[in-house]
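As a plain string of letters, each chain reads:
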Amino acid sequence: MARNITLDAALPAPARRRAPAWAWASLLVALLIAAPLLAVVVTAATRPGASFIHIATTTLPEMLRNSALLALLVALMAGSAGAVSAWIVSTCEFRGRRVLEVALLLPLAMPAYLNGYVYTWLFDVAGPVQQAFRDLTGLRYGQYWAPEIRSLPGAALMLAMVLYPYVYLMCRSAFLQQSVCLLEASRTLGHGLPRTFLHVALPLARPALAAGIALVLMEVLADFGTVQHFGVRTFTTGIYEAWFGMDDRGAAAQLAVGLLGCVFLLLALERVSRGGRRFHPTTTRHPPLRPVVLRGAKQAGAQLACAMPVVLGFGIPAGALAVLAATSGDPLDPRRFLPFAMNSLMLSGITAGLAVAIAAMMAWAVRMHPSPLRAFANRVAALGYALPGSVIAVGTLVPFGVFDNALDAWMRERFGVSTGLLLSGTMAALVFAYLVRFLAVALSAVESGLARLKPSFFAAARVLGCTPGQAVRQVELPLARGALLTAAVLVFVDTMKELPATLIVRPFDLDTLAVRIYNLASDERLAEASTAALLIVLVGLLPVAALTRAMRRSD
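Fair warning: this is a prediction, and the values are worked out from it, not measured in the lab.

Enquirer: Is there a simple way to explain the environment of tyrosine 240 in this structure?
Expert: Along the chain, tyrosine 240 turns up in helix α13 (residues 235-245). For tyrosine 240, a relative accessible area of 12% translates into the label buried. For the pair formed by tyrosine 240 and alanine 256, sequence separation is 16 residues and the distance between their alpha carbons is 9.9 Å. Residues contacting tyrosine 240, with those up to four places away along its chain left out, are Phe224, Gly245, Pro388, Gly389, Ser390 and Pro500.

Enquirer: Any chance you could explain the packing of aromatic side chains here in plain terms?
Expert: The description of two aromatic rings rests on the distance between their centres and on the angle between their planes. As enumerated under the stated definition, the model contains six aromatic pairs in all. Summarising the aromatic geometry, the rings of phenylalanine 400 and phenylalanine 432 are spaced 5.2 Å apart at their centres and angled 35° between planes, so their arrangement reads as tilted. Here phenylalanine 400, found in helix α18 (residues 389-415), pairs with phenylalanine 432, found in helix α19 (residues 427-450); they are 32 residues apart in sequence, far enough to count as distant. Taken together, the aromatic side chains of Phe133, Tyr141 and Tyr144 make up a single cluster linked through ring pairs.

Enquirer: Would you mind showing me how to read the pattern of salt bridges here?
Expert: Should their charged atoms come close, side chains of opposite charge can pair. Applying the stated criterion across every chain yields a total of eight salt bridges. The partner of glutamate 93 in a salt bridge is arginine 97, with the nearest N and O atoms 3.1 Å apart. Judged by relative accessible area, which is 10%, arginine 97 ranks as buried.

Enquirer: Can you help me understand the packing of helix α20 (residues 455-463) against helix α21 (residues 468-479) in this one?
Expert: Each pair of packed helices gets described by two things: the angle between the helix axes and the distance between those axes. Contact pair α20 / α21: the axes reach a minimum separation of 9 Å and the direction vectors enclose 140°. As far as their axial angle goes, α21 and α20 are oblique. Relative to α21, the crossing made by α20 is right-handed. Here Phe457, Phe458, Ala461 and Arg462 of α20 lie close against α21, whose contacting residues are Pro468, Ala471, Val472, Val475, Glu476 and Leu479.

How each quantity is defined
Residues numbered from 1 in each chain as written. Predicted model: local features only at pLDDT ≥ 70, side-chain atom pairs only at ≥ 80, totals over all residues. Heavy atoms only, no water. Helix = DSSP H or I, 4+ residues; strand = E, 2+ residues; numbered from the N terminus. Buried < 20%, exposed > 50% of the residue type's maximum accessible area, 1.4 Å probe, protein only. Contact = heavy atoms within 4.5 Å. Phe/Tyr/Trp six-rings, centres within 6.5 Å; stacked < 30°, edge-to-face > 60°. Salt bridge = Lys/Arg side-chain N within 4 Å of Asp/Glu carboxyl O. Axes fitted to C-alpha atoms, helices over the stretch in contact; angles between N-to-C directions. Parallel < 35°, antiparallel > 145°, perpendicular 65-115°, else oblique. Left-handed = near helix turned anticlockwise from the far one by under 90°.

In structure tokens form, the structure reads like this:
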């Protein structure tokens, strides 16, 4: 009896092929990106001092508890909003679907700390909402109940409203690439859309869901502006207090290493829990997905489920900023904002392009030439997303400063010429800090896209005479275009909003929109900062809209 031989067995296993130079180069790049993290680890390898002992015996339990609870709440809210909205717009047809499909990305352009400022201004005791309620009812403060916005649940809501697009983007791409045959089989067996979503589509989209939630968790653990404004003590606030308040870099580095260990453990547990399961489709039939037409109450429910995240995460804060900008606004000449916007666009574009290229090289190196060393190096290089931007900035300046000083000393000794600081305080150093901070975003998006590609596609191209490089360029790269575009969108928008690393590493003559917002908001001039805030939102929306159209064509 003849046995069926699949294309996956037609070629030698990838591990048996000798790794080419570019695969080893990807390992070198991963180690280079991890250099600032290693600098933090080296700084932490000291005996705990009085500051760390004081933190460990007083506030560390509170920081651990608040960080864990905040991460859990944000993961639940952002994961639910992102996955459900992605499923609805991918499988249903209702009035306004195409508008909501793009509008669900709008909160990406809104920094979490801006949402915190706006909602605090709106709903605080002296804010317009409670003031209007008191004027309308005649009640005084204390005679009515109002939600406490400055709390841990309030901070979790602020973060979830702007972070759910990470889950939405990846789950939407995964749902659109799933086998229509499986979904139709589930419907044929009597399962409605909710049961098909829970029992078929969501388990198949696990790599994308896990990647999105992992990005959300790392962003939550690294957030400082929102939790500080809401008075929530977390791991990140402890790192800032040790580094800048107590002037103890060793204690701050030790806390940062503890935070990195928690994130690495979470990522490792998720990968181990997958076991040997694979999530790519087993059929070669890919008929177009026929959306289910919704009417009546179901249509209203779908519209509400997709519109609420947009209204809470973008509509209300953007509307409040527009009112503040119209009534007060920045007194600076509008023409003076052009350099801020151009600098933000330039830095974000360069970082997004480099991050996607590096992430693709690292992900394909592990896919085509699997090695525990390469996989470990990729995971370490992606840990920078879990550290606050200021820690990344200092970790970047340390090796750059060592290199500049060593080169300057060598040039003085050999040629009597001083080279000065060639890398520290330059645009190159700032872009490198961005790459360390946001490479995890691109790597997660690319890896989740590659996990949905059938290995037999690559094998079929090899059987037809393609080299490994040609098989990747002509077969797998076009199929992963949606994941690459998703990575570019996320890195671009994150770079636009990054503040701590920009403040520390940037050249003195390079100001961005985020720096302008910080300079005004730190002086409690939120009304004047609203103009720059609106600009950073508008500038961030343009590439999101353009790349969303490209993703739609790719899907």
